[in-house]
Amino acid sequence: MRIVTFASGSTGNCSLITEGGTNILIDAGISMRRTLAALEQLGLAPRELSGVLITHEHSDHISGLNMLVKHHNIKIFAPEALCCVLAKMKPQIADNLNCISEDDKTDFGDIAVGCFRTPHDAAYSVGYRFEGEGTIAYATDTGHISDELVRGLEGAQLTLIESNHDPEMLRTGSYPYYLKQRILSPEGHLSNYDSGKLALHLAKSGTKHIILGHLSRENNTPELAYKTVSDAISTEKAEISVAPMNNLLAVTVGERVKCSV
């Protein structure tokens, strides 16, 4: 099982989970052109996608949906409450929406998918857990470390979690006060320090590779996120990578990555 991040950050998010003949996009927050170019790099065509899983309705996670549906008739999957939100926001994609259960796993060929709630200031926000030959868990946009978040992530061999900002960079940066307060709130975004706490728990629960995602362009750096989280888990044997904002990062469960930042 493999994850490939196409983009991760406040300007757009899109990743791919693959195993066997199953290819699932997570979010479509970049242009269709960028998404198709990334798929082409991997030797995949849009018709080979099993669908798109949506984490929540913020624009940096769904801005590319309309064009993907219009030109490629791709199926979209989300919990029922989120499907209702998406149908109201984008009625043109309503016929492509498919509701998945929050209580049971949904079968996508070679991959079984479960979902769990994440604490974020969206109408409905979830993370996903993918089980096949390996296990990958994925959760961004998490304002604090909730019990449900931890249950959804722990035990997975590979996880992608948020490491959005350095608190000092945020406080002294150029963002307006209201936006700083939103990011720092319990329904905002996870700091590097809190990401380190979560990473330590996950490493102790058996996670071998942790990808840091959704870094702020203004209030963080890949090097700072990597160092903060690496220091936090220094007693554990888990590898850390940082998902680029605009380039591809591919990680296969059980394999090491040559360059971590």
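Higher on the page you've got the structure.
Residues numbered from 1 in each chain as written. Predicted model: local features only at pLDDT ≥ 70, side-chain atom pairs only at ≥ 80, totals over all residues. Heavy atoms only, no water.

> How do you make sense of the nonpolar core when you look at a structure like this?
The tendency in soluble globular proteins is for nonpolar side chains to be buried side by side. Counting residues in hydrophobic clusters, the biggest one holds 54 residues, and the most contacted among them are I3, F6, L53, I54, Y128 and F130. One finds L153, L202, V229 and A238 within the second-largest nonpolar core, a separate group that totals 23 residues. (Core = buried A, V, L, I, M, F, W, Y, C linked by side-chain atoms within 4.5 Å. Buried < 20%, exposed > 50% of the residue type's maximum accessible area, 1.4 Å probe, protein only.)

> Would you mind going over a negative patch on the surface with me for this structure?
A contiguous patch of negative charge on the surface is contributed by E80, E102, D103, D104 and E148. Structurally, the position occupied by E80 is in helix α4 (residues 80-89). A relative accessible area of 54% means that E80 is categorised as exposed. (Patch = residues over 30% accessible without salt bridge, like charges linked within 9 Å, V, L, I, M, F, W, Y side chains within 5 Å. Areas by Shrake-Rupley, 256 points an atom, 1.4 Å probe, with all protein chains shown as cover. Salt bridge = Lys/Arg side-chain N within 4 Å of Asp/Glu carboxyl O. Lys, Arg positive; Asp, Glu negative; His and termini not counted. Charge placed at Lys NZ, Arg CZ, Asp CG, Glu CD. Helix = DSSP H or I, 4+ residues; strand = E, 2+ residues; numbered from the N terminus.)

> When you look at the pattern of salt bridges in this model, what are you seeing that I'm missing?
Close approach of charged atoms allows side chains of opposite charge to pair. For the coordinates displayed, the defined rule picks out 5 salt bridges. A salt bridge links R129 to E131; the nearest nitrogen and oxygen atoms lie 3.3 Å apart. Two residues, D231 and K227, come together in a salt bridge whose shortest N-O distance is 2.8 Å. On the criterion of helical spacing, the pair formed by D231 and K227 is a turn pair, its members being 4 residues apart in helix α9 (residues 222-232). According to the relative accessible area criterion, D231 is partly exposed, its value standing at 45%.

> Quick question: what am I supposed to make of the side chain of E162 here?
Structurally, the position occupied by E162 is in strand β11 (residues 158-162). Of the side chains with opposite charge, R182 lies nearest to the buried E162, which makes no salt bridge, at 8.7 Å. Of note is the side chain of E162, whose polar atom sits 3.4 Å from the backbone nitrogen of D141. Side-chain polar atoms of E162 contact the backbone nitrogen of L190, separated by 2.8 Å. (Polar contact = N/O pair within 3.5 Å; in protein donor to acceptor, adjacent residues only side chain to side chain.)

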